[in-house]
Amino acid sequence: MLNRPSHRRAPPCRVRGATLIEVLVALFVLSVGLLGVAAMQQVGLRSSHTAHVRSQATALAYDIADRMRANRVAALAGGYNTPYTDALIPGNNCLGTTPADRAACDLTQWKAALRLALPGGEGRIQLEPQGPAGARIVRIWLRWDDERSGVPSIEFRTETQL
């Protein structure tokens, strides 16, 4: 005779579908995940824009440094020194032939490019006094508003030797 267990098994329950609670939990988890992806996308776009503006600032700083090297006489005389608040030079049509005229034209074009390329862009240039080795250092500051990154004003500084 066979030994059979004394208890009987109940027939297996048939699951016909997910309960409403399981569906709501799955929907909640999915929506939290999608919100996380959207937040990451927003941070990525903000960082990409900030990097783009910084690369524009770098190119503009090198642009004025190259213009100063091309017009070295006016640059060494301080013709390119300009504060942040300096406005565009009115009536400068860039037809002058002197190094000072060329410097004024370069500054006008550079400040216009700053306003176009950088949001609220301003620039400042300062030629440092001659160092002990005779080197002349020029410092270039750029400032702009970057509300997208949460920083109201960013300042970029570079220096180069003339």
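Our structure's up above, just so we're on the same page.
From a predicted model like this one, the values you see are computed outputs, not experimental measurements.

Calculation notes
- Starting afresh in each chain, residues are numbered from 1 along the sequence in its written order.
- Given that the model is predicted, a residue must reach a pLDDT of at least 70 before its local features are reported, and side-chain atom pairs must reach 80 or more before they are shown or counted; all residues, however, enter totals for whole chains, interfaces and linings.
- Heavy atoms from the whole structure form the basis of all side-chain values; hydrogens and water molecules are not counted.
- Only residues whose relative accessible area exceeds 30% and that form no salt bridge enter a patch; like-charged residues are grouped when within 9 Å of one another, and nonpolar side chains (Val, Leu, Ile, Met, Phe, Trp, Tyr) when within 5 Å.
- Using the Shrake-Rupley algorithm and a 1.4 Å probe, accessible areas are obtained, with residue cover drawn only from the displayed protein chains.
- By definition, a salt bridge exists where a carboxyl oxygen of Asp or Glu is found within 4 Å of a side-chain nitrogen of Lys or Arg.
- Accessible area is worked out with a 1.4 Å probe on protein chains only. A residue is then buried under 20% of its type maximum, exposed over 50%, and partly exposed in between.
- Stacked, edge-to-face and tilted labels apply to pairs of Phe, Tyr and Trp rings (six-membered ring for Trp) whose centres lie within 6.5 Å, assigned for plane angles under 30 degrees, over 60, and everything in between, in that order.
- Our definition puts a charge over a ring when NZ of Lys or CZ of Arg is within 6 Å of the ring centre and also within 35 degrees of the ring normal.
- We call a set of buried Ala, Val, Leu, Ile, Met, Phe, Trp, Tyr and Cys residues a nonpolar core when their side-chain atoms join them within 4.5 Å.
- Put simply, DSSP marks the helices as runs of H or I at least four residues long and the strands as runs of E at least two long, and each gets a number from the N terminus on.
- Throughout, a residue-residue contact means that at least one pair of heavy atoms, one from each residue, lies within 4.5 Å.
- By this rule the span expected of a helix is its residue count minus one, scaled by 1.5 Å.
- Polar contacts, as counted here, are pairs of nitrogen or oxygen atoms within 3.5 Å of one another; within protein the pair requires one atom able to donate a hydrogen and one able to accept it, and residues that are adjacent in sequence qualify only if both atoms are side-chain atoms.

(A) Quick look at a nonpolar patch on the surface. A contiguous nonpolar patch, built from Leu20, Val23, Leu24, Leu27, Leu30 and Leu34 and spanning about 610 Å² of accessible area, is present on the exposed surface. Take Leu34: its relative accessible area is 53%, and that puts it in the exposed class.

(B) Region of interest: the packing of aromatic side chains. In this structure the tally under the stated criterion is zero aromatic pairs. Sitting over the face of the ring of Trp141, Arg124 holds its NZ or CZ atom 3.8 Å from the ring centroid. The ring centre of Tyr84 lies 3.7 Å from the NZ or CZ of Arg143, which sits over that ring.

(C) Summary view of the nonpolar core. In this structure, Tyr80, Trp110, Ile125, Leu142 and Trp144 are the most contacted members of the largest nonpolar core, which totals 24 residues. For this core, the secondary structure elements donating two or more residues are helix H1 (20–70), helix H2 (72–76), helix H3 (99–117), strand E1 (122–127), strand E2 (137–146) and strand E3 (151–161). Looking at which element gives the most residues to this core, the answer is H1, with seven residues. Here Leu142 is in contact with Ala57, Leu60, Ala61, Tyr84, Trp110, Leu114, Glu122, Gly123, Ile154, Glu155 and Phe156, once residues within four sequence places are set aside.

(D) Representation of H3 in the model. In a regular helix each residue adds 1.5 Å, so 19 residues correspond to 27 Å; H3 covers 26 Å between its end C-alpha atoms and thus fits that length. Of all the residues in H3, the buried ones are Ala103, Ala104, Cys105, Asp106, Leu107, Thr108, Trp110, Lys111 and Leu114. Against H1, H2, E1 and E2 lie the buried residues of H3.

(E) Main features of the pattern of salt bridges. Counting across every chain of the model gives eight salt bridges. What you see here is one network of salt bridges that share partners, running through Asp63, Arg67, Arg102 and Asp106.

(F) Examining the side chain of Asp106 more closely. Among the structural elements, Asp106 can be located in helix H3. Engagement of the side chain of Asp106 in a polar contact is seen with the side chain of Arg67, the distance being 3.1 Å. Discounting chain neighbours no more than four positions away, the residues touching Asp106 are Ile64, Arg67 and Tyr80.

(G) Looking closely at the side chain of Thr160. Here Thr160 lies in strand E3. Side chain to side chain, Thr160 and Arg69 meet in a polar contact 2.4 Å long.

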